[in-house]
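# Coordinates in review
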Protein chains: 2
Amino acid sequence: MLATRHLTLVGGRWHLRVAASFTAWRPSRKQRYTAAATPAPVVDNEEKGKERKVGLSLAQEAKGGLIDLQPPRGTRDFLPEDLRVRQWLFGEFEAVARLFGFEQFETPVLESEALFTRKAGDEITQQLYNFEDKGGRRVALRPELTPSLARLVLAQAGRAALPLKWFTIGQCWRYERTTRGRRREHYQWNMDIVGVPGVGAEAELLAAVCAFLQRVGLGPADVVIKVSSRGVLSAVLARYAIPAAAVGPVAVVVDKMDKLPLAKVEEELAALGVAADAAAGILAATQAASLPELEALLGPGHEAITELRELFALAEAYGIADYLQFDASCIRGLSYYTGVVFEGRDRAGELRAIFGGGRYDALLSTFGGEAQPCAGFGFGDCVIAELLKERDLLPVPAHQVEDLVVAMDEALRPAAIAAAQRLRRAGRRVDLLLEPKKMKWVFKHAERCGAARLVLLAPEEWAAGAVRVKDLATREEVDVLVADLV
Amino acid sequence: MLATRHLTLVGGRWHLRVAASFTAWRPSRKQRYTAAATPAPVVDNEEKGKERKVGLSLAQEAKGGLIDLQPPRGTRDFLPEDLRVRQWLFGEFEAVARLFGFEQFETPVLESEALFTRKAGDEITQQLYNFEDKGGRRVALRPELTPSLARLVLAQAGRAALPLKWFTIGQCWRYERTTRGRRREHYQWNMDIVGVPGVGAEAELLAAVCAFLQRVGLGPADVVIKVSSRGVLSAVLARYAIPAAAVGPVAVVVDKMDKLPLAKVEEELAALGVAADAAAGILAATQAASLPELEALLGPGHEAITELRELFALAEAYGIADYLQFDASCIRGLSYYTGVVFEGRDRAGELRAIFGGGRYDALLSTFGGEAQPCAGFGFGDCVIAELLKERDLLPVPAHQVEDLVVAMDEALRPAAIAAAQRLRRAGRRVDLLLEPKKMKWVFKHAERCGAARLVLLAPEEWAAGAVRVKDLATREEVDVLVADLV
């Protein structure tokens, strides 16, 4: 199958679009390599449990037979064509973070398990990809990036001038016993601001997300950012004299409302000490249709309402208000949020959350350190790729060298090498043919590697100190002296 | 401590050099953040076993106390200043690979254990960071990248047009029970060519390595690439009628010659069925001082000799011959090499190997697939950083925004936001101050974030529709209409 490609102007830049829909990453099944007519394997191992088990047992039973060619279950290989798409996406993440003056950091994919189990109860902790290392230490492949950031900030405490504006892009892992066609790893782009107590931090973070959405061509008609505050839950719990510490665990339960039957949610809330009347109060508050309606429930001038109003006003100044929507049912499933929470969804509501974030002022003190106001978001690589593909906005960057250098005669190999090296030193991307090939193969290969020019070392031209340079777009050929070759 | 910085011309490009030597990555302890006078913590956790244990037990015993602030033993955090250095290095890796027309791929850091235990006996396998996942599968954090490449190539078999020229940069793990002050993770840059049987492949790979060395300022006086061939061992073993399959395991033992007593090496060789006379033959061959001397041992016209001669001739054409040196004692510790092997060392011979590689034509068939000629190298991130630091060649890229936008009055915050957004849309990296701060703090912060300009929103100028723009290098100030602000 050949993908339909066309150029589109998005956010002032030209994008190559492709109309096709296969795996989350691969925008097209089009063969980049033409050696065979059989379709490329879906390298993505998702939803391939059965096929893979055959592979595994083959490899295990027939010792010396073919190894399992799939990566571990729930993980992905990135072939060059897949990696180019991912790098385009990560490049946009990074570009936006830098436009906002954020600095990049990185922590290990492996962390002490304790970093994630301190704040118990989250779904993310229940699915921890944890194990005991050979030294008997409990470790885990990180399920998210925020606890590592918090650790790093605490390790820097008193040395780093606040506010910190930091970002990272890293792989996160989870282990689910049940197969539900979901991956065990994904990448996440996180941006965090440490040291700013006001909602100016949340507004800046939301502006970064919206800058990304605009750059990739997703407008407010495509994506809605639902915004609410954990302060709403706090206010309701306070009214029923439930300790503030319960907000996190209660939020985790309330967040499951659209997945679980109401009775189950009420049962879990009861287990947290939330009586039926308080539960009803919470449910009413999370169903408020507007800020005024919520204000009527919480009482006038409540801090959470004030903050949300301020946030929406700032959003106007940022020019991102059209993306935002107050939604009292936006809770988020992580227990550590303390203030504003938000999540991005496709407008149609067909996909899972695209990104989520909020304020988590208590995380550092939960970790035993000095409290610091913190806000941030996590933006995964999978749902956005699905949405971009669906909207025909995922580019198909091609492999592209500038020169393909070919010795037409083995005696000219040293000359071809010298020419290639000369071009590379001048900064050109050069594919050097390492073996004798027929010209038919050479032209096919030039197409495969997207070469702009063919640089031929042939006896006749070489006798005159020249190489033949063929422009592959115009088909024009000129003889160029080696000394003039760049 | 302040590092001494100076600019140096290296390979036609200016480098900021810094004279200081602390951790492998951090070229300077200079505080990027000036909030405190206390020295920055060495985030690198290497050789910090004792200190760390205290941290661990604190976190474990005093539940609710401070969490362990260090990453898992043997792993590294990368603070922004560390990550910038690493990204400079990875950027050079990637730039070289692209100049040579290679395509990037990526495989998961977690692989099935079987991928690494097929070819048993290597040191790398003995130190495998492996464990059982919750589903009872044996998995491992990859110790190297080549087996994953081989898996991916086999999965593509028949679909990918050969030769493949692929590269990857990935984190690799090992688990050592004993503490020797060595890390448990490092990054590796791999370049591989699949489908080229001749030494033209090895020459191209060596040229890429040398291009990297030249770009970062390391000449043949700094780095030597020792070159030999597993064919030497094959020839000796064949003479004593030892099966060809023994070459890999024998090589792994012979590679340990400079670490183990001779008697121990001979004992291990005997265990592999290599009798004393054959062992003596091997040792003599690995001590040959030159190609002619080796030829005298192996007999004239031996294939390994021919290949090495051809490789050295190609190196002349590439202009890299000064880096190369025939060294019969260069064996490499991986069992899968079958032909040319090479490793890079600092000329002074003070550091461990900087990189290593060679030909591994049998790996794909070991994995049960169709054999393909393969050659490649792995280039770690640690030893090269040590060497560059020692040679004063490690740059210190600074955090650098273009504009720092400041509202001098809270009423002007929306205007400041709009100005920042305008500048960002024009592609400028903008740090927006999110809270009221004193001007003294603002100037200090402008220095910290390397701002080129200060964009001030002040009531008087704003009344005239203008913002004040201060060039922080020249100290010049001009009032600019918002509409003209880019």
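Residues numbered from 1 in each chain as written. Chains lettered and ligands numbered in written order. Predicted model: local features only at pLDDT ≥ 70, side-chain atom pairs only at ≥ 80, totals over all residues. Heavy atoms only, no water.

### Quick look at helix α8 (residues 247–254) of chain A
Residue and element names in this part refer to chain A. Among the 8 residues that make up α8, 7 are buried, leaving the element largely enclosed by the rest of the structure. Along α8, the residues that are buried comprise Val 247, Gly 248, Val 250, Ala 251, Val 252, Val 253 and Val 254. Each element contacted by the buried residues of α8 is listed here: α7 (230–239), α9 (262–271) and α10 (276–286). (Buried < 20%, exposed > 50% of the residue type's maximum accessible area, 1.4 Å probe, protein only. Helix = DSSP H or I, 4+ residues; strand = E, 2+ residues; numbered from the N terminus. Contact = heavy atoms within 4.5 Å.)

### Examining the sheet that holds strand β5 (residues 129–132) of chain A
Residue and element names in this part refer to chain A. Pairing is antiparallel across the open sheet formed by 3 strands, whose spatial order is β4-β6-β5. In this open sheet, the two strands that pair with only one neighbour each are β4 (110–112) and β5. Going from strand to strand, the sheet's axes swing by 35° on average, the running direction of each strand aside. Relative to strand β6 (residues 138–141), β4 is paired through 3 bridges, and the arrangement is antiparallel. Residue pairing in the sheet places Glu 111 in a bridge with Ala 140 of β6. (Pairing = 2+ DSSP bridges. Axes fitted to C-alpha atoms, helices over the stretch in contact; angles between N-to-C directions.)

### Overview of the packing of aromatic side chains
Inspection of every chain in the model, using the stated rule, returns 35 aromatic pairs over all chains. With 6.5 Å between their ring centres and 70° between their planes, Phe 78 of chain A and Tyr 187 of chain A make a pair best called edge-to-face. Note that Phe 78 of chain A is positioned in the loop between α1 (49–61) and α2 (80–99) and Tyr 187 of chain A in strand β8 (residues 185–194), a separation of 109 residues in sequence. Since its relative accessible area comes to 2%, Phe 78 of chain A is described here as buried. For Tyr 187 of chain A, a relative accessible area of 9% puts it in the buried group. Here Phe 105 of chain B and Trp 166 of chain B contribute two aromatic rings whose centre-to-centre distance is 5.5 Å and whose plane-to-plane angle is 35°, an arrangement assigned as tilted. Taken together, the residues span a long stretch of sequence, with Phe 105 of chain B in the loop between β3 (103–104) and β4 (110–112) and Trp 166 of chain B in strand β7 (residues 164–173) at a distance of 61 residues. (Phe/Tyr/Trp six-rings, centres within 6.5 Å; stacked < 30°, edge-to-face > 60°.)

### Some remarks on the nonpolar core
Counting 106 residues, the largest nonpolar core has Trp 189, Met 191, Phe 212, Ile 225 and Phe 379 of chain A as the members making the most contacts within it. It is helix α6 (residues 200–216) of chain A that provides the largest number of residues to this core, a total of 12 residues. The residues touching Met 191 of chain A, leaving out its near neighbours within four places in the chain, are Ala 97, Phe 100, Phe 102, Trp 166, Phe 167, Leu 205, Ala 208, Ala 375, Gly 376 and Phe 377 of chain A. In terms of nonpolar packing, the next biggest core, distinct from the first, is built from 105 residues, Phe 78, Ala 285, Tyr 323 and Leu 393 of chain B among them. (Core = buried A, V, L, I, M, F, W, Y, C linked by side-chain atoms within 4.5 Å.)

### Quick notes on the relation of the copies chain A and chain B
Screw-axis analysis of chain A against chain B gives a translation of 0.0 Å along the axis, an RMSD of 0.0 Å, and a rotation angle of 180°. Classification of the inter-copy transformation places it as that of a two-fold axis. Taking C-alpha positions as the reference, the residue of chain A nearest the rotation axis is Phe 131 of chain A, at 3.7 Å. The share of interface residues of chain A whose copies in chain B are also at the interface is 100%, consistent with both copies meeting through the same surface. (Least-squares fit on C-alpha atoms with pLDDT ≥ 70 in both.)

### Describing the domain arrangement of chain A
A common way to state how big an interface is: give the accessible area lost once the parts meet. Domains assigned within chain A are domain 1 (2–63), domain 2 (80–390) and domain 3 (403–484). The centre of domain 2 of chain A, based on its C-alpha atoms, is set 53 Å off from the matching centre of domain 3 of chain A. (Domains from an automatic or database assignment.)

### Observations regarding the environment of Asp 471 of chain A
Residue and element names in this part refer to chain A. Within the secondary structure, Asp 471 sits in strand β17 (residues 466–471). According to the relative accessible area criterion, Asp 471 is partly exposed, its value standing at 29%. The contact partners of Asp 471, leaving out residues within four places of it in the chain, are Ala 452 and Glu 476. A distance of 2.8 Å separates the side chain of Asp 471 from the backbone nitrogen of Ala 473, its partner in a polar contact. (Polar contact = N/O pair within 3.5 Å; in protein donor to acceptor, adjacent residues only side chain to side chain.)

### Digging into the interface of chain A and chain B
Counting residues at the interface gives 113 residues for chain A and 114 residues for chain B. The interface formed by chain A and chain B includes 10 salt bridges. In this structure, Glu 103 of chain A and Arg 84 of chain B form a salt bridge, with 2.7 Å as the shortest nitrogen-oxygen distance. Across the chain A-chain B interface, the total number found is 37 residue pairs in polar contact (both at pLDDT 80 or more). Ranked by residues supplied to the side of chain A that touches chain B, first place goes to α2 of chain A with 7 residues. The residue makeup of the side of chain A that touches chain B, split by class, is 60 nonpolar, 24 polar and 29 charged. (Salt bridge = Lys/Arg side-chain N within 4 Å of Asp/Glu carboxyl O. Nonpolar A, V, L, I, M, F, W, Y, C, P; charged D, E, K, R; others polar.)

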